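Geometric and topological summary
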Amino acid sequence: LDRSSAASDVYKRQIQIMPNNNRLAVGEQMVLSVVFFPDNTTDKKVTYESLNDSIATVNTNGVVTGIQPGMVKVAVETSNGIRAYKDIVVYLKLG
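In this convention, every chain numbers its residues from 1, walking through the sequence in written order. In view of the model being predicted, local features appear only for residues whose pLDDT reaches at least 70, and side-chain atom pairs are presented and counted only at 80 or more, with totals across whole chains, interfaces and linings using the full set of residues. Excluded from the side-chain calculations are hydrogens and water; all other atoms, namely the structure's heavy atoms, are used.

Moving on to the sheet that holds strand β5 (residues 46–50). Reading across the sheet, the 4 strands line up as β2-β9-β8-β5 and stay open at both edges, with mixed pairing between neighbours. Only two strands of the sheet have a single partner each, and these edge strands are β2 (23–25) and β5. The mean angle between the axes of side-by-side strands here comes to 30°, regardless of whether they run parallel or antiparallel. Pairing between strands is defined by DSSP: at least two bridges between them are needed. Each helix corresponds to a stretch of at least 4 residues labelled H or I by DSSP, and each strand to a stretch of at least 2 residues labelled E; elements are numbered beginning at the N terminus. Summarising the sheet, β2 and strand β9 (residues 83–91) pair through 3 bridges and their orientation is parallel. All axes here are fitted lines through C-alpha atoms, helices being fitted over the stretch that makes contact, and every angle between N-to-C directions spans 0 to 180 degrees.

In structure tokens, the structure reads:
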């Protein structure tokens with residue numbers, strides 16, 4: 001079987017949300033990125049969603065902004081329905 005000429009998509013089977021750091025100060029931002037497994041996945045589009053916008057918001061580019069102290073989950077979903085969550089602790093920076 002000659003696979004070299006086949007134009008087939010490589011589908012993602014698993015994702016990991018980076019960075020590993022999960023602490024974010026109120027008023028500060030962190031950028032989430034997604035690592036795909038396998039890494040030669042052809043469709044790398046994802047959507048981001050904060051499960052509690054009063055603690056932290058996330059935009060379409062994965063930029064999370066700390067709003068008030070607390071814990072929040074950010075959901076990341078791929079176009080083929082694989083979902084992963086990132087727990088983020090938002091804290092009040094002293095000083």
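This is not the end of the story, as more comes after the structure.
This part takes up the pattern of salt bridges. Take a side-chain nitrogen of Lys or Arg and a carboxyl oxygen of Asp or Glu: if they are within 4 Å of each other, that pair is a salt bridge. Evaluation of the coordinates by the stated rule reveals 5 salt bridges. A salt bridge links Glu-49 to Arg-83; the shortest N-O distance between them is 3.3 Å. You can see Glu-49 sitting in strand β5 and its partner Arg-83 sitting in strand β9, a full 34 residues away along the chain. Several salt bridges share partner residues, and in doing so they unite Glu-49, Glu-77 and Arg-83 into one network.

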